[in-house]
Amino acid sequence: MGQEHLPSVDLDFVKHAEDEYHSIFNTGKSEEVDAARFRLVWALVHSTHRGHQSRGLELCRAKLREQAKDKEYRYFAAVACYNMGQYIDARRELSSLLQEHPGFRQAEFLRGLAEDAIVREGLMGVGIGAALAGVALAVFLGSGRKR
């Protein structure tokens, strides 16, 4: 699939999106506010800071309470979950989204990343468990020799 990661943004990008949203919120039309909110949520869920990702997820969920089937906000919620390490939640949302919107390439790509991360974390868990079992066995066998 080429690219192996999602885009990420820095603090300045998020700050710019926040400033734009607040400026338009106070003076703009409904469509302009919605577009600015969209850009803000995109910036938040793609931020490298967990607090931004969490806030982006909250904004997605708020929007989805109004429009439960909004394709873009569902995808953004999955991006936030993925970036926060909630891979199973991300995969669940993406699988549901892809049932309704087959061929949504960004969602397909992210689901692949989420599945890879779930496998990777599972293998790390198995490795950690095996290491702990090895240490326990070594301690047990070591204590048996001293007697």
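Looking at an unreviewed UniProt entry, one finds the chain named Mitochondrial fission 1 protein and attributed to Volvox africanus. Per UniProt, the comment on the chain under Subcellular location (unreviewed entry) is "Mitochondrion outer membrane". The UniProt entry for the chain carries the following text under Sequence similarities (unreviewed entry): "Belongs to the FIS1 family."

> Report on the packing of helix α3 (residues 50-66) against helix α4 (residues 71-83), specifying residues and quantitative values.
The contact between α3 and α4 brings their axes to 9 Å, and the two run at 150°. In terms of orientation, α3 lies roughly antiparallel with respect to α4. With respect to the hand of their crossing, α3 and α4 are arranged in left-handed fashion. Taking contact as the criterion, the partners of Q53, L57, C60, R61, K63 and L64 in α3 are, on α4, Y73, R74, F76, A77, A80, C81 and N83.

> Any details on the layout of surface pockets? Residues and values, ideally.
Approximately 190 Å³ is the volume found for the largest pocket. Lining the largest pocket are 13 residues, and of these P7, W42, H46, Y75 and Q106 lie nearest its centre. Considering each element in turn, the lining of the largest pocket owes the most residues, 4 residues, to α4. Residues belonging to the lining of the largest pocket are distributed by class as follows: 8 nonpolar, 3 polar and 2 charged.

> Could you give an account of the nonpolar core, with specific residues and numbers?
The biggest cluster of nonpolar side chains holds 28 residues, and the ones touching the most others in it are L6, Y75, Y82 and L110. Broken down by secondary-structure element, the contributors of at least two residues to this core are α2 (30-45), α3, α4, α5 (87-100) and α6 (105-145). In terms of residue count, the dominant contributor to this core is α4 (9 residues). Dropping the residues within four chain positions of it, L110 is found in contact with L6, Y75, A78, V79, Y82 and L94. Y21, I24, V33 and L40 belong to the second largest nonpolar core, which has 10 residues in total.

> Describe the packing of aromatic side chains, naming the residues involved and giving the relevant values.
Tallying each qualifying case throughout the model produces 8 aromatic pairs. Judged by centre distance (5.7 Å) and plane angle (35°), the ring pair of Y21 and F25 falls under tilted. Separated by 4 residues within a single helix, Y21 and F25 lie in helix α1 (residues 11-27), roughly one turn from each other. Residue class for Y21 comes out buried when judged on its relative accessible area of 14%.

> Let's hear about the packing of α1 against α2: which residues, and what values?
Two elements in contact, α1 and α2, have axes whose closest approach is 9 Å; the angle formed by their N-to-C orientations is 160°. Classified by the angle between their axes, α1 and α2 sit roughly antiparallel to one another. Both α1 and α2 take part in a crossing whose hand is left-handed. Mapping the contact onto sequence places F13, V14, A17, E18, E20, Y21, I24 and F25 in α1 and E32, V33, A36, R37, R39, L40, W42, A43 and L44 in α2. In terms of residue class, the contact of α1 with α2 is built from 12 nonpolar, no polar and 5 charged.

Rules behind the numbers
Residues numbered from 1 in each chain as written. Predicted model: local features only at pLDDT ≥ 70, side-chain atom pairs only at ≥ 80, totals over all residues. Heavy atoms only, no water. UniProt positions renumbered as here; feature names shortened; annotations may be inferred. Axes fitted to C-alpha atoms, helices over the stretch in contact; angles between N-to-C directions. Helix = DSSP H or I, 4+ residues; strand = E, 2+ residues; numbered from the N terminus. Parallel < 35°, antiparallel > 145°, perpendicular 65-115°, else oblique. Left-handed = near helix turned anticlockwise from the far one by under 90°. Contact = heavy atoms within 4.5 Å. 1 Å grid on protein atoms, 1.4 Å probe; cavity = no way out; pocket = protein on both sides within 12 Å on 5 of 7 lines; lining within 4 Å. Points joined across faces, edges and corners; volume = space filled by probe spheres on them. Nonpolar A, V, L, I, M, F, W, Y, C, P; charged D, E, K, R; others polar. Core = buried A, V, L, I, M, F, W, Y, C linked by side-chain atoms within 4.5 Å. Buried < 20%, exposed > 50% of the residue type's maximum accessible area, 1.4 Å probe, protein only. Phe/Tyr/Trp six-rings, centres within 6.5 Å; stacked < 30°, edge-to-face > 60°.

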